[in-house]
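Summary of the model geometry
Spelled out from the first residue to the last, the chains are:
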Amino acid sequence: MDGSEDVSPALAALCTPEVMSDSDLFFVHLDERERSVTLGFARQNGGEGFEFFLRFPQAREVRVRGWAHPGRKDVRVADDGDGVEVVVSAPGSSLSFRAAGVALARTRSFPVWERLGP
């Protein structure tokens, strides 16, 4: 995704449209001091949960139009020759920006407890 360095297999696997769009986008952080955007995603497979955070440095041309509650959104990250272009959309939600690249900021696995009864 970032033309300036090799992309790790873990990052490449997480940046696929299938993985990002099949995960809940629950965290969006726009850091004006560092000009970065961080997106946090969560997935569940049976009793296992997994979170991953993607950080996009040197973000520019940021556009947000409406924002619905956390959940599944159509997420696309594409190499645009000068970094990456990110587009996030869902009914009532739209976020787009360009950035210098993308980095895997953090991952976390955890057990998911299911609530029993009412």
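Above: the structure in question.
Now for a look at the structure at hand. (Residues numbered from 1 in each chain as written. Predicted model: local features only at pLDDT ≥ 70, side-chain atom pairs only at ≥ 80, totals over all residues. Heavy atoms only, no water.)

1. Observations regarding the overall build of the chain
From N to C terminus, the chain includes 2 helices and 9 strands. Shown N-terminal to C-terminal, the secondary structure of the chain runs as helices and strands in the order α-α-β-β-β-β-β-β-β-β-β. Across the 118 residues that make up the chain, the buried fraction comes to 34%. Counting only contacts in the chain whose residues sit at least 6 apart along the sequence, the fraction spanning at least 24 positions is 57%. Carbon and sulfur atoms make up 51% of the accessible area of the chain, which amounts to about 7200 Å² in all. (Helix = DSSP H or I, 4+ residues; strand = E, 2+ residues; numbered from the N terminus. Buried < 20%, exposed > 50% of the residue type's maximum accessible area, 1.4 Å probe, protein only. Contact = heavy atoms within 4.5 Å. Areas by Shrake-Rupley, 256 points an atom, 1.4 Å probe, with all protein chains shown as cover.)

2. Brief notes about the side chain of K73
You can see K73 is positioned in the loop between β5 (71-72) and β6 (74-79). D24 is the oppositely charged side chain nearest to the buried, salt-bridge-free K73, at an N-O distance of 8.2 Å. Those residues in contact with K73 that lie beyond four places of it in its chain are M20, S21, L25, W67, A68, V88, S89, A90 and S93. (Lys, Arg positive; Asp, Glu negative; His and termini not counted. Salt bridge = Lys/Arg side-chain N within 4 Å of Asp/Glu carboxyl O.)

3. Description of the packing of aromatic side chains
Taken as a whole, this structure holds 6 aromatic pairs when the rule is applied. Each ring, one from F56 and one from F97, has its centre 5.3 Å from the other, and the planes form 75°; the classification is edge-to-face. Here F56 is found in strand β3 (residues 48-56), whereas its partner F97 is found in strand β8 (residues 93-99), with 41 residues between them in sequence. For the residue pair F56 and F97, the accessibility class agrees, reading buried in each case. Grouping aromatic residues by their ring pairs yields a cluster made of F26, F27 and F53. (Phe/Tyr/Trp six-rings, centres within 6.5 Å; stacked < 30°, edge-to-face > 60°.)

4. What to know about the sheet that holds strand β2 (residues 36-45)
The strand order β5-β1-β2-β3-β9 describes an open sheet built from 5 strands, whose pairing is antiparallel. Across the chains shown, the open sheet's two edge strands, defined by having one partner strand only, are β5 and β9 (103-111). Relative to β9, β3 runs antiparallel, the two sharing 8 bridges. From the neighbouring strand, R55 faces β9, where its bridge partner is A103. (Pairing = 2+ DSSP bridges.)

5. Examining a nonpolar patch on the surface
Together, V28, L30, V62, V64 and W67 give the surface a local cluster of nonpolar side chains, amounting to about 400 Å² of exposed area. Listing elements by their share of the nonpolar patch, those giving two or more residues are β1 (24-31) and β4 (60-64). Along the chain, V64 turns up in strand β4. Exposure remark for V64: the relative accessible area of 45% places this residue in the partly exposed category. (Patch = residues over 30% accessible without salt bridge, like charges linked within 9 Å, V, L, I, M, F, W, Y side chains within 5 Å.)

6. Quick notes on the sheet that holds β4
The strand order across the open sheet formed by 4 strands is β4-β8-β7-β6, and the pairing between neighbours is antiparallel. A strand with exactly one partner marks an edge of an open sheet, and here the two such strands are β4 and β6. Taken pair by pair, the neighbouring strands of this sheet meet at an average axis angle of 5°, ignoring direction. (Axes fitted to C-alpha atoms, helices over the stretch in contact; angles between N-to-C directions.)

7. Examining the pairing of β6
The sheet contact formed by β6 and strand β7 (residues 84-90) spans 6 bridges and is antiparallel. In the strand pairing of β7, V77 is matched with V86. Hairpin connection from β6 to β7: 4 residues lie between these consecutive antiparallel strands, with G81 at a positive phi of about 85°.

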